[in-house]
Each structure stands twice: as C-alpha cells, then as structure tokens.
Number of protein chains: 4
Amino acid sequence: MEAAEIHFADRGFEGTSVRDIAETAGVNLAMINYYFGSKEKLMEAMFARRSAYMTLQLETILANREMGPMEKLETLVDQYINRLLNQPCFHRIMIREQMMNSNHMITEQILQMKRTNSNLTRALIAEGQEAGVFRQNVDMGLLMATLVGTVGHIVSTQHFYREMNDLGEMTEDEFRNHIRGKLSSHIKAIFKAILSNED
Amino acid sequence: MEAAEIHFADRGFEGTSVRDIAETAGVNLAMINYYFGSKEKLMEAMFARRSAYMTLQLETILANREMGPMEKLETLVDQYINRLLNQPCFHRIMIREQMMNSNHMITEQILQMKRTNSNLTRALIAEGQEAGVFRQNVDMGLLMATLVGTVGHIVSTQHFYREMNDLGEMTEDEFRNHIRGKLSSHIKAIFKAILSNED
Amino acid sequence: MEAAEIHFADRGFEGTSVRDIAETAGVNLAMINYYFGSKEKLMEAMFARRSAYMTLQLETILANREMGPMEKLETLVDQYINRLLNQPCFHRIMIREQMMNSNHMITEQILQMKRTNSNLTRALIAEGQEAGVFRQNVDMGLLMATLVGTVGHIVSTQHFYREMNDLGEMTEDEFRNHIRGKLSSHIKAIFKAILSNED
Amino acid sequence: MEAAEIHFADRGFEGTSVRDIAETAGVNLAMINYYFGSKEKLMEAMFARRSAYMTLQLETILANREMGPMEKLETLVDQYINRLLNQPCFHRIMIREQMMNSNHMITEQILQMKRTNSNLTRALIAEGQEAGVFRQNVDMGLLMATLVGTVGHIVSTQHFYREMNDLGEMTEDEFRNHIRGKLSSHIKAIFKAILSNED
DNA sequence: GATGAATGAGCTTTCATTCAT
DNA sequence: GATGAATGAAAGCTCATTCAT
C-alpha cells in the first residue's frame, strides 16, 4: 500500500500500472489482485486506512476540555498541516481524487471524511460562538477551503515556492520545517481575522 | 480542444482515451493525431492557448493608471475567480498537472505562467508598499497560494460545498453567481487583513 | 519514381510510407495516388520502366553479328554487372521481390523478364554449342543463378566485402570500379570453366 | 518462432503483423510481446538461435583431422546447401536482412556470423595453400559470394528454376533432392576450377 | 498462500487512401 | 491538375486480470 501511494501520487491512478507497484513493493504481480481483489480496491483500502486515523485525531482534540475554542482551532490547523507534510503522497492523491469523481467508492469515502470533519469543526465553532469568542455568520465551507486549499496548494507546488523564495538549497527536511512554521502562522492569522469577535 | 478539456478534467490525462475525445468532439479518431501529432501535444496546445489569454489579462490590469494598488489587487482577485468559474475544466486540469510533473513541456509552461503572474503581482505589491498602503514583509507565495488554493478547492469540490450549505437545488448558473460573490468577499477580506498597513 | 526506388531499396516496400516518398520527391502526398493509383501500382510502374530497358539491352547484344558466342556472353556478363552497379537501388528491390511473392503483378513481371532473358541466353548458348565452342549439357538455370546470385550478393553486402578486404577508405566510386573489375573476371572465369569445350 | 520464420520469409518483417504470427502459432497475441518483448526482439531471438547452430557446425568440420583441405571445403559446401534447403525460411529472411540494415542488432549479428565463417574458411584455405593443393591469390570474398549468392538465389527463386526445367510436377521433397545434387556438383566444380593448383 | 504464464480488451499511433475544393 | 483535410482500418504494444499449479 505504501508503494501504491508513492506511485499514485506521482503518476496518478490511471498512470500507474499494477506492475510498477508490484515491483516497488517487491512482491509478485498477482499477489496484489490476490490480496486486494483489484487495482481499485487497493486504492479503497488505502483510503480506508488513512481516513480512520484522521477522524480519530480530530475527535481527540474536540474532546479535550482544557483548551479554549481558539486554542483548539489552532491545534486543528497545526495537525492538518502536519498530516499533509508527513503524508504528502496520500494527500496529493486525495486532492486529485476529490476533483475527479471517477471512483464512486472513494468519492463517497472522501465525502464521508469531509462530512465528519465538517461536523466536528462546526461543533467547535459553535462552541466558540457561544463563548462569544467567534463572531456569528461564519461560512464554514470557505473557512475549510482556505485551510485545505492553501496548504494543499503549497505542498503540491513546493518546487515553485522554493524557486520563488530562493530556497532551492534547503534539504527536504529543512524546507518542511520552514514551510510548517510559515503556513501555521499564515493560516492562524487568517482564521483569527475572520473569526475573532471584534466587539 | 474543448472536448479534450472536458474529458481531461473529468478523468485525467491518462484516464482519458483519444477515442473518447474524438467521439465527444464528433470528429474522426485519426484527426486528432493528424492535427496535434499526439495526445500529449494536444494537451500542450490546450495549455498554450489558455496561458496566452491569462497573461494578457493580468498585464492589462497592471498597466491601468486610474486604479490604486488595493483596487488593482481586488480586480485581480475577481478576475481570477471569474476565470476559474468560467473555465473550470481547464483549471482543474492545470491544478492536477501542477502536482504531477509527468509532462515536462507542460510543467514548464505552467511554471512560466506562474513566474509571469508572480512577477507582475510582485510589482503590484511593491507599488502598494511604496504608497504606504500595504505593509512590508509580505509573503507573496503564501498570498498567491491562498488565492489559488482556496478558489481552486471550492471549484473542485463544489458538490460538497453545495451539500454542506443546502444549495443542492440551485442551478449551475445560480450557484456560480452565489459562490462568485462569496469567494470574492472572502478572499478580499483575507487580503485586506494580511496586507493593509495598520499604522 | 526515383524517390520511391531509394526508399523501397532502403526500407522495403512495406517499410516505406507513401509520405516518405512524397516528401523525398517534393510532391504532394495525394499526387502519388492521383498519378499511380496506389502504392502497389507505383512499384509496378517502376518495374515496367526498368524491365523495358533491360530486355532491349539484351536483344541488342544477341543481334550483333560481329561477336562470337563467348564474346557475346562476356559482354552480357559485363552489362549485367554494370546495370547492377549503376542501379543498385532497383536491383535490391528486385532481388527482394523475387523471394516474396506478395504482389502478383510484380512477380509476374519479374518472371516475364527472367523468361525473356532466359530464352535469349538459351539461344546464345545454343549458338555456341553449334559452333562447337560450348560444351553440351549446360544447366542454364544454374549458370544464370551464379551470375545473378553472386553479383547480387556482392552488391547487397558490399560493406562486408569492404571490411573483409580492408577497402573501407575507398570512395563509393573507387570501390565500384574496383569491384566491377573483380566481378567481371571472376564470373567470366567461372563461365569459361563451365562452358568451354575441352575437346 | 517458427511461425514467425514462415511469415517473415513470406512477407518480410514489416509486411508481417504480430497478429498473423500469433494466429499461425496458435497463441495469444499478447503472448508474443510477453515472451519476446517486441516484434524486433522476436526476430533477434530467431537469429540468435540459428546462428549459434551454424557456427558450431562449421567449427566441427574444421577441427576434423582426417579430411584434406579440398575434402573439407566440399563438406562445407554440402553443409551450406543442406542448411539452406532445410531451413529455407530462415535463410530467406537473412538474405533480406543483409541488404536492409534496418535493425542494427540483427545487422551486427549477421556480420558477426559472417566474420566467424569468413575467418574459419580463410584458415581452411590457408591450410590448402600450404599443402600446395590450392593456388595463391584467392579472393575469399568472391568465393563466398559465389557460394552464398548462387545457392541463395536458386532457393529463393526455385519456382522459376522449376518452370525453366519442366520440374513442376516434382514434389517438394523430390525437387529438394534434385536441386541438392545439382547445386552440390555445380558449386564444387566452380570451386575446383578457381582454387586448384594447376602446376 | 503464492506465482509464472497466459489472455482479452483496449490503448495510441500510423497507414494508404479518398474527398472536397 | 493539384492539394489540404479527412478517414477507416490496422498496426504494435500495454494493461488489469485470471488461470493452473
């Protein structure tokens, strides 16, 4: 499944052959169909594994009683950024799959994941509104799109960001840490500007 | 080329067969190779056509002498949103191609487009900074990623945004207008918060 | 037709596309079908033109009353060698076509050419036999095969003959003259050994 | 590989489709690419198999200590004739490939084969020259061309030889035996005339 | 369970040819 | 007559999948 992630991220689902995956994974070609049933089901399994972890992480934060709404939101932002930076392959796949509803099963899984995340986030925001910390009339969809879209775009096109800012000589790790900080404060600043109650 | 755009947007480059494109376009299968040489060159032609238009549009704004920096920036945002909403297919393709550097020619075209846009925008921001309207220390890359990422994400996943906000009954046109306004004020608010000089 | 000869000789009939011929000849692609009707008919026309010339040449020698049988035969050998060395492209095509009876029309043309040549040569040999210069029991087929096969083989694989005899530095013309002499005396020696009456 | 030989001999490399070969061989079309990788590699494999056998046969004769030089040469001639008559398809392919250096790999294999044969034969002739049986100043290239060219031409155009000598009613086997004898004594006579030392 | 061999479907591309002008 | 555009057919090849062991 890790071999599949790498290839799917790099060349897309259709652009990747099961042979490539088998070779990278060092297993027999027929094994993949034997275990997963088909190429499609392999990807579905991939999504199932990752999404379980994501939802779990989100729920943990919300259940936390020691953090205030804004603090929780910031933690959520940081966790999202970390997830993307740690599993860039999977997220590139997910971003792509989101825009081509080719595989119904996966589209549904992504939707389900988004629904869960959306509901949990909505609860968090409601909590902040009741506490008077967040303003009313927040467009959740735009908010999430800003987080997901901005971070995803930077991660997807990091070579351009590097070129633009003369960061070509940074190692992969250095750059990841650099961009982690930049993204974190950027998104948090946006969220504060949009959410915080000025009264 | 329009037929190709629709299919590439829907199923990806590898997921689309030249047969599909030919059928949609109502032309003979061999015609496509006759005109464009190959499937790859067809996509390259697609990009060449669109990118010429985009750069032209951007330059027109910047040359304008009657608008102030912030006004120009807002116009730029609106134009970007309009372009995406008017040519969603092409932009979905571009977003995808940006993350999989499979075709070197196209990767280079996109980079060139981004460089141009980046330089022009940088000039615009410098103009605002000199006029004292924009603050110093602006991260251009994050700013553009926020615009491109957010708008792109909303457009790519509009079905989810509809579901989330109970907009399922809107026609395609109604939704486009609705989201156009929402996105415009959302992004402008973000830009103002990030750029405006508080002193 | 000359462009066709070059290509057919180089890459075979099936390996040559009408486009290649059209380009080399500097004419429109459709012209070739317009004039010749089809790719096959183009080759047929090629054969028709060349074979007319060949038969004519042969008849001229035989009609000559001043030469004796052996002298005629030697002239015939020299003419054959010259023809091959002057029109190597066409002869390479002919040798190839002789072994793959793909095009019935051409097979027939070649057969006809061979029959004519065979009959004329047979007459020449009979002339010599009557004059007591040539022995009886001559296998015409083997005799012609020796001429045609040997010369054809040398011409077809001249690069190997060059390598074998360290003639790599000769120009095309120098080599042609060199091999012309060698072949001429070689074949004549063979013919003499086989034909001459020892009594 | 046998199916391929038949078709390549009949219609040439370019004139043969992998589909035809697959059908004749009674295997799936994809199998051929599965095993050989490509149409070209199939032919290369064909050549590799045959050439190994040919060189082996030649070396066996030369190592023989009981035969004199002329006897060895005659054996060599007979073996060559037998090989051509037994594997006419392969040899027709080889003759054709020799004149169109389209596939570099195969051209090189043929050259290698010819070099080996040439060297072995040269040694044989030197042996005869030392023993005083063969005359000096023998043109090896012409000698081999006479053997290879004559035999190849007869085999390639046997239908014409049949017609010329009224042998149309012979079975394939009968004709093969007939021509075997004829060719054998014809070539041997030539070789003797050219090589034998008259002093 | 694990795997080399095999296969049908489908891919992109090229071809000889014809059509409309 | 001459030609750019167009096309049906067929080419070589790759793919995901299944079969036999």
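Our structure's up above, just so we're on the same page.
Between chain B and chain A, the superposition needs a rotation of 180° and an axial shift of 0.0 Å, giving an RMSD of 0.2 Å. With respect to symmetry, the two chain copies, as superposed, fit the operation of a two-fold axis. When C-alpha positions in chain B are compared against the rotation axis, the closest is assigned to Gly149 of chain B, at 2.0 Å. Both copies present the same face, since 100% of the interface residues in chain B are matched by interface residues at the equivalent positions in chain A.

Turning our attention to the protein's contact with DNA strand F. Close to DNA strand F lie 28 residues, the nearest being Asn28 and Tyr35 of chain B, Asn28 of chain C together with Val18 and Lys39 of chain D. Looking at DNA strand F alone, sugar and phosphate atoms form 61% of those within 4 Å of the protein. For DNA strand F, a phosphate oxygen lies 3.3 Å from a polar atom in the side chain of Asn33 of chain A. Note that a phosphate oxygen of DNA strand F is positioned 2.7 Å from one of the side-chain N or O atoms of Asn28 of chain C. Of all elements in the fold, only α2 (18-25) and α3 (29-36) of chain A, α3 (29-36) of chain B, α3 (29-36) of chain C together with α2 (18-25) and α3 (29-36) of chain D reach the threshold of two or more residues within the surface near DNA strand F. Among the residues making up the surface near DNA strand F, the classes are represented as 14 nonpolar, 10 polar and 4 charged.

This part is about the packing of helix α6 (residues 88-99) of chain A against helix α6 (residues 88-99) of chain B. Where α6 of chain A meets α6 of chain B, the closest approach of the two axes is 11 Å, and the angle between their N-to-C directions is 165°. Comparing their axes, α6 of chain B and α6 of chain A come out roughly antiparallel. By crossing handedness, the relation of α6 of chain A to α6 of chain B is classed as left-handed. Here α6 of chain A contributes Arg92, Ile95, Arg96 and Met99 of chain A to the contact with α6 of chain B, which in turn contributes Arg92, Ile95, Arg96 and Met99 of chain B. Considering only residue class, the contact of α6 of chain A with α6 of chain B consists of 4 nonpolar, no polar and 4 charged.

Attention now moves to α3 of chain D. Where α3 of chain D begins, one side-chain oxygen reaches toward the backbone nitrogen of Ala30 of chain D, 2.6 Å away; that side chain belongs to Asn28 of chain D. Looking one or two residues past α3 of chain D, Gly37 of chain D carries a phi angle of roughly 95°, positive in sign.

Moving on, we come to the interface of chain B and chain A. Contact with chain B, which involves 44 residues of that partner, is made by 44 residues of chain A. Taken together, the two surfaces of chain B and chain A that pack against each other cover about 3900 Å², and 67% of this comes from carbon and sulfur. For Glu163 of chain B, the salt bridge identified is with Arg115 of chain A, shortest N-O distance 2.3 Å. Our enumeration of links across chain B and chain A arrives at 11 residue pairs in polar contact (both at pLDDT 80 or more). At 12 residues, helix α8 (residues 140-156) of chain B tops the list of elements feeding residues into the side of chain B that touches chain A.

Moving on to empty space enclosed by the protein. All names here are of chain D. A complete count under the given rule lists 16 cavities of 30 Å³ or more for this structure. Estimates place the volume of the largest cavity at around 450 Å³. Residue lining of the largest cavity: 31 residues in total, with Tyr80, Lys114, Asn117, Met144 and Val148 positioned closest to the centre. For the lining of the largest cavity, the residue count by class is 20 nonpolar, 9 polar and 2 charged.

About the thresholds
Residues numbered from 1 in each chain as written. Chains lettered and ligands numbered in written order. Predicted model: local features only at pLDDT ≥ 70, side-chain atom pairs only at ≥ 80, totals over all residues. Heavy atoms only, no water. Least-squares fit on C-alpha atoms with pLDDT ≥ 70 in both. Contact = heavy atoms within 4.5 Å. Near = heavy atom within 4 Å. Polar contact = N/O pair within 3.5 Å; in protein donor to acceptor, adjacent residues only side chain to side chain. Helix = DSSP H or I, 4+ residues; strand = E, 2+ residues; numbered from the N terminus. Nonpolar A, V, L, I, M, F, W, Y, C, P; charged D, E, K, R; others polar. Axes fitted to C-alpha atoms, helices over the stretch in contact; angles between N-to-C directions. Parallel < 35°, antiparallel > 145°, perpendicular 65-115°, else oblique. Left-handed = near helix turned anticlockwise from the far one by under 90°. Buried area = accessible area lost by both parts, 1.4 Å probe. Salt bridge = Lys/Arg side-chain N within 4 Å of Asp/Glu carboxyl O. 1 Å grid on protein atoms, 1.4 Å probe; cavity = no way out; pocket = protein on both sides within 12 Å on 5 of 7 lines; lining within 4 Å. Points joined across faces, edges and corners; volume = space filled by probe spheres on them.

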